Amino acid sequence: MALIRHEKSQVPVYGLLAEFDGPESLIEAAKRVHDQGYRQIDAYSPFPIEELSEATGHHHSKLPLIVLIGGLLGCVGGFSMQYYAAVIAYPINIGGRPFNSWPSFIPITFETTILCAAGAAVLGMLALNGLPMPYHPLFNVPEFSGASSDRFFLCIKARDKRFELERTRSFLEQLAPTQIHEVQP
Amino acid sequence: MTPQTQATTQLAQRIIQWKTLARTVGIITGALSLVLWIYRPQIFYPAYLTGFIYWIHFSLGALAILMLSHVTGGSWGVVIRRILEAMCLAFPILAVAFIPILVGMQTYFPWAIAANVANDAALQHKALYLNIPFFIGRAIFYFGVWALLAHRLRTLSLEEDRLNRDEDLENHSRKLQRLSAPGLIVFGLTVTFASVDWIMSLEPHWFSTAFGLLFMGGCGAGVFALSILLLGRMLKHRPFLMNIKADHLHDLGKFLLAFVMLWAYLAFSQFLIIWSGNLPEETPWYLHRQSHGWQWIALLLIGFHFLTPLMVLLSRKVKRQRQPLMFVASGLLIMRYLDLYWHIMPNFKTHGLYHVLSVIPLVAIGSWWAWKVMSQLQQAPLLPKNMKSAS
């Protein structure tokens, strides 16, 4: 058992890339692939197709949580910074107001909240999608450049648990793609 | 009878039921209000003004959002257009409801009593604006402008239902835009002055330049909350059933969130400016509202007019589902009342306790307002015919 699994991870391909000539056939294929139990799949099209993320089993993005945490840190951090400066480090009497003049801290707290939330959004997005990415195996397939003009692709990655080169290939052939490419890693 | 017309009549019957209910409750609470007015005027007057402002603020919000949707387009505005129109068309009944306020002017407004003005230099300087004839004249002007705008918007909107050719529809929406764009400017000015007249001048020494905007922000939050509630109640019936998508609720939810934030932003700005300025003529207004029990209402407003709806409405799921969105909207409707209560009532009472009888004038005005809105909903198809035209 252990041996077979070991062999499987040795499969020297990144995945199989099926090429389609229209969005409908791509959506249909994505649905069937997902129904078959494949999870490590990705679809590529020249324009955004809304049904596609659903068809490929739209997974929940962690980004909103990252943004929320960034925002909360910015909020607490911004307020603490002002509290530290005005109450602990350098207390100074301004027009008889209390040192902890929280109403006047709110605008800056608000700004640091937005700043940190926006920063977390940008950095979190880059961390999650892995950009910038100078190399990607898909570009080993010359036809893949068609994904930005008039071709539609569906890729099943080799690291999927159900992936077996020949079985997966014959399954993909049933979905009537115009071509199937083996993607070198 | 086809299933469609049958279902439409189902909703029409529901509206008739609501209307009858509103009229019955209106007659009873109206009579009770009259009794209250005669025997306990000191309770009646403040409660009546709060109730009046509460109901007119929905009509004002509806007028603004209606014009906004004509200027910007978008199918969110088309699905609630008839609801907004019905609310706007309640201005005549609100003008009648304004009469007791005119009768009680000297109870409400310190500047309306000659003896007060004679002993107060500030009031003498303000008398050029704050005097009884000018006040009445302005009120007539506001109601005239609002009713006229509402009437014209409704007429044009009904006319649109009779058009078929794309070209005509295009020209017609231009016409609505040409009315709505200047209409919004007129709205901004009249509502600012009206809020100064009817709410701010209750304490004539106090002033804040953000006040009109703050009131308008509240109008926006109020009308979206009420529209979501009404639409939610009618959603299961035709013609809404097939035409309202989760996207529409999502848009309305986003607007609700935006107005909640706008309200909070303006409310806090006003507070911060007065707090930083720390001037003796400005701070007493807040000091009074931060003690004697009023502070609890202020904290409720921070918690449930801002923090809770902000956190809940951030969720995409909540905005796209009828039940949770209606729940948030109902909560905000209560908060809208508390906000106005917190603005108006401290001028008349030293402590924040709610007097149970205050609810009578609120319900009385509300019932007659709802009766008028329901009558208007009856008189036109609940969805504009050319739904696509504005989307």
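A look at the overall build of chain A
Right, so step 1: Along chain A, the regular secondary structure elements total six helices and four strands.
Right, so step 2: Reading chain A from its N terminus to its C terminus gives the helix and strand order α-β-α-β-α-α-α-β-α-β.
Right, so step 3: Here the C-alpha atoms of chain A give a radius of gyration of 25 Å, more than 25% beyond the 16 Å that 2.2 N^0.38 yields for 185 residues.
Right, so step 4: Projecting the C-alpha coordinates of chain A onto the three principal axes gives extents of approximately 80 × 40 × 30 Å.
Right, so step 5: The proportion of buried residues among the 185 residues of chain A is 32%.
Right, so step 6: For chain A, the computed accessible surface area is about 11,900 Å², with 63% contributed by carbon and sulfur atoms.
Right, so step 7: Taking the average location of the 14 positive side-chain charges in chain A and that of its 18 negative ones, the two points are 10 Å from each other.

Here we look at the overall build of chain B
Right, so step 1: Secondary structure assignment for chain B yields 19 helices and zero strands.
Right, so step 2: In terms of overall dimensions, chain B is globule-like: its C-alpha atoms have a radius of gyration of 21 Å, near the 21 Å expected for 391 residues.
Right, so step 3: Expressed as lengths along the three principal axes of its C-alpha atoms, the size of chain B is roughly 70 × 40 × 40 Å.
Right, so step 4: Residue pairs at least 24 apart in sequence account for 83% of intrachain contacts in chain B once pairs closer than 6 positions are excluded.
Right, so step 5: In the form shown here, chain B has an accessible surface area of approximately 17,500 Å², with 68% of it arising from carbon and sulfur atoms.
Right, so step 6: The centroid of the 31 positive side-chain charges in chain B is displaced by 11 Å from the centroid of its 16 negative side-chain charges.

Quick word on the domain arrangement of chain A
Right, so step 1: Once the domains are mapped, chain A shows domain 1 (2-60 + 135-183) and domain 2 (63-129).
Right, so step 2: Its C-alpha centre places domain 1 of chain A at a distance of 44 Å from the equivalent point of domain 2 of chain A.

A look at the confidence of the model for chain A
Right, so step 1: Counting all residues, the mean pLDDT for chain A is 84, and 93% of those residues have values of 70 or more.
Right, so step 2: Low pLDDT (under 50) marks residues 1-8 of chain A, which in the prediction has four contacts with non-local residues, meaning those over four places away or in another chain.

As for the interface of chain B and chain A
Right, so step 1: Between chain B and chain A, the contact holds seven residues from the first and seven residues from the second.
Right, so step 2: Interface area for chain B against chain A, summed over the two sides, is near 650 Å², with a carbon-plus-sulfur share of 79%.
Right, so step 3: When the buried surface of chain B facing chain A is broken down by residue, Phe268(B), Leu272(B) and Trp275(B) rank first, second and third, together holding 65% of it.
Right, so step 4: Where chain B meets chain A, there are zero salt bridges.
Right, so step 5: Across the side of chain B that touches chain A, the residue classes break down as four nonpolar, three polar and no charged.

Some details on the packing of aromatic side chains
All names here are of chain B.
Right, so step 1: If you walk through the whole model with that rule in mind, you get 51 aromatic pairs over all chains.
Right, so step 2: With 4.0 Å between their ring centres and 5° between their planes, Trp206 and Trp285 make a pair best called stacked. Separated by 79 residues along the polypeptide, Trp206 in the loop between helix H11 (166-198) and helix H12 (211-234) and Trp285 in helix H15 (residues 283-289) bring together distant segments of the chain. As far as burial versus exposure is concerned, Trp206 and Trp285 are alike and both buried.
Right, so step 3: Summarising the aromatic geometry, the rings of Trp294 and Tyr341 are spaced 5.8 Å apart at their centres and angled 50° between planes, so their arrangement reads as tilted. Here Trp294, found in helix H16 (residues 294-314), pairs with Tyr341, found in helix H18 (residues 322-344); they are 47 residues apart in sequence, far enough to count as distant. Of the two residues, Trp294 and Tyr341, neither departs from the other in class, the shared state being buried.
Right, so step 4: Stacked on the ring of Phe134, the Lys or Arg Arg138 has its end atom at 4.4 Å from the ring centre.
Right, so step 5: A cation over a ring is seen here: Arg289 above Trp285, with NZ or CZ 3.8 Å from the ring centre.

Describing the nonpolar core
Right, so step 1: Counting residues in each nonpolar core, the largest one holds 124 residues, and the members touching the most others are Phe52(B), Leu63(B), Met87(B), Trp146(B) and Trp198(B).
Right, so step 2: The element contributing the most residues to this core is helix H2 (residues 41-72) of chain B, with 19 residues.
Right, so step 3: Excluding residues within four positions of it along the chain, Leu63(B) makes contact with Cys88(B), Phe91(B), Trp146(B), Leu149(B), Ala150(B), Leu153(B) and Phe187(B).
Right, so step 4: Within the second largest apolar cluster, 23 residues are counted, among which are Ile27(A), Ile49(A), Ala55(A) and Ile180(A).

Observations concerning helix H6 (residues 165-173) of chain A
All names here are of chain A.
Right, so step 1: Those residues of H6 not exposed but buried are Thr168, Phe171 and Leu172. Down the axis of H6, the smallest arc covering the buried residues is 100°, so these residues share one side.
Right, so step 2: The elements touched by buried residues of H6 are strand E1 (15-20), helix H2 (23-35), strand E3 (152-157) and strand E4 (179-183).

Notes on the sheet that holds E1(A)
Residues and elements named next belong to chain A.
Right, so step 1: Reading across from one edge, E2-E3-E1-E4 is the order of the four strands in this open sheet, with antiparallel pairing throughout. Strand pairing shows two members of the sheet lacking a second neighbour, strand E2 (41-44) and E4, which therefore form its edges. Strand-to-strand twist of the sheet, defined as the mean angle between neighbouring strand axes without regard to direction, takes the value 20°.

Overview of the pattern of salt bridges
Residue and element names in this part refer to chain B.
Right, so step 1: Throughout the structure, instances matching the rule amount to 16 salt bridges over all chains.
Right, so step 2: Measuring nitrogen to oxygen at the nearest pair gives 3.5 Å for the salt bridge that ties Asp168 to Arg165.
Right, so step 3: Salt bridges sharing common partners tie together Arg82, Glu85, Arg154 and Asp161.

As for a nonpolar patch on the surface
Right, so step 1: A cluster of nonpolar residues, Leu65(A), Leu68(A), Ile69(A), Leu72(A), Leu73(A), Met311(B), Val312(B) and Leu314(B), forms a patch on the protein surface that exposes about 740 Å² of accessible area.
Right, so step 2: When residues of the nonpolar patch are traced back to their parent elements, those giving at least two are helix H4 (63-89) of chain A together with H16 of chain B.
Right, so step 3: Of all the elements, H4(A) adds the most residues to the nonpolar patch, at five residues.
Right, so step 4: Position of Leu314(B) relative to the elements: it lies in helix H16.
Right, so step 5: Note on Leu314(B): relative accessible area 48%, which makes it partly exposed.

Rules behind the numbers
- Residues numbered from 1 in each chain as written.
- Chains lettered and ligands numbered in written order.
- Predicted model: local features only at pLDDT ≥ 70, side-chain atom pairs only at ≥ 80, totals over all residues.
- Heavy atoms only, no water.
- Helix = DSSP H or I, 4+ residues; strand = E, 2+ residues; numbered from the N terminus.
- Rg over C-alpha atoms; globule rule 2.2 N^0.38 Å.
- Buried < 20%, exposed > 50% of the residue type's maximum accessible area, 1.4 Å probe, protein only.
- Areas by Shrake-Rupley, 256 points an atom, 1.4 Å probe, with all protein chains shown as cover.
- Lys, Arg positive; Asp, Glu negative; His and termini not counted.
- Charge placed at Lys NZ, Arg CZ, Asp CG, Glu CD.
- Contact = heavy atoms within 4.5 Å.
- Domains from an automatic or database assignment.
- pLDDT = per-residue confidence, 0-100.
- Buried area = accessible area lost by both parts, 1.4 Å probe.
- Salt bridge = Lys/Arg side-chain N within 4 Å of Asp/Glu carboxyl O.
- Nonpolar A, V, L, I, M, F, W, Y, C, P; charged D, E, K, R; others polar.
- Phe/Tyr/Trp six-rings, centres within 6.5 Å; stacked < 30°, edge-to-face > 60°.
- Lys NZ or Arg CZ within 6 Å of the ring centre and 35° of its normal.
- Core = buried A, V, L, I, M, F, W, Y, C linked by side-chain atoms within 4.5 Å.
- Arc of directions from axis to C-beta.
- Pairing = 2+ DSSP bridges.
- Axes fitted to C-alpha atoms, helices over the stretch in contact; angles between N-to-C directions.
- Patch = residues over 30% accessible without salt bridge, like charges linked within 9 Å, V, L, I, M, F, W, Y side chains within 5 Å.

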